[in-house]
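Chain residues, written in single-letter form:
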Amino acid sequence: MFPVLVVLTAIELGSGLVLDTFESTLLRFPSLLVLVPVTIGMAGNLGSILAARFSTAFHLGLLSFDPTDDRLAGNALATVALALTVFPLVGAGAWAVQSVVGGARLPLGLVVAIALTSGVVLAALAVGVTTVTTYAAYRFELDPDDVVIPVVTNVCDVLGVLVLFGVVRVFVGA
């Protein structure tokens, strides 16, 4: 596991560097600054929840990597549904916190749209990353509990930063 952890540490450092490049945007729109840690955390959570479900199904012999597998599709759909319900609340909460603390510069609808779009994209990416990582663990005869959750959580955390700022660029142009 040591080589995997070294690579994951380097990936997390890259995430911090990306975050640093958007400092001016975050300072100009404080609602987004509030949204960053929650989005990153939720991205990792979505991936780890799905990874835990896949690992359990894998250990029970219930998971196949056939695209028509109902268990695979059902868990993927549940992950996207979770993102659709949670991320609008995250956006509204970030806007409310910033409104109370220091006045929000972005309208509520825009912050919710940014959070929702980021969440749906992250959910789709989490499904892909988790499926590929679980399949790789299966192919290399590794225990998915030891490999999949750390890899998915770290990769989804980094993707959370990248997706959030990609969506911000599309919606705000900053």
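Residues numbered from 1 in each chain as written. Predicted model: local features only at pLDDT ≥ 70, side-chain atom pairs only at ≥ 80, totals over all residues. Heavy atoms only, no water.

In this model, Glu-141 sits at a positive phi of 55 degrees, which is unusual for a non-glycine residue. Here Glu-141 lies in the loop between helix H5 (108–139) and helix H6 (144–171). (Helix = DSSP H or I, 4+ residues; strand = E, 2+ residues; numbered from the N terminus.)

The next point concerns a nonpolar patch on the surface. Taken together, the side chains of Val-97, Val-100 and Val-101 make up a nonpolar region of the molecular surface, amounting to roughly 320 Å² of accessible area. Mapped onto the elements of the fold, Val-97 is located in helix H4 (residues 70–102). (Patch = residues over 30% accessible without salt bridge, like charges linked within 9 Å, V, L, I, M, F, W, Y side chains within 5 Å. Areas by Shrake-Rupley, 256 points an atom, 1.4 Å probe, with all protein chains shown as cover. Salt bridge = Lys/Arg side-chain N within 4 Å of Asp/Glu carboxyl O.)

Here we come to the packing of aromatic side chains. The tally for this structure, following the rule as stated, stands at three aromatic pairs. Look at Phe-22 and Phe-165: their rings are 4.2 Å apart centre to centre, the planes differ by 5 degrees, and that puts the pair in the stacked class. One end of the pair, Phe-22, is in the loop between helix H1 (2–21) and helix H2 (23–28); the other, Phe-165, is in helix H6, with 143 residues separating them in the sequence. Summarising the burial analysis for this pair, Phe-22 and Phe-165 share the class buried. Aromatic pair Phe-58 and Tyr-138: ring centres 5.9 Å apart, planes at 80 degrees, arrangement edge-to-face. Of the two residues, Phe-58 is situated in helix H3 (residues 30–59) and Tyr-138 in helix H5; the sequence distance between them amounts to 80 residues. In this structure Tyr-138 comes out as partly exposed when scored by relative accessible area, which is 42%. Within the aromatic cluster, the residues linked to one another by ring pairs are Phe-58, Tyr-135 and Tyr-138. (Phe/Tyr/Trp six-rings, centres within 6.5 Å; stacked < 30°, edge-to-face > 60°. Buried < 20%, exposed > 50% of the residue type's maximum accessible area, 1.4 Å probe, protein only.)

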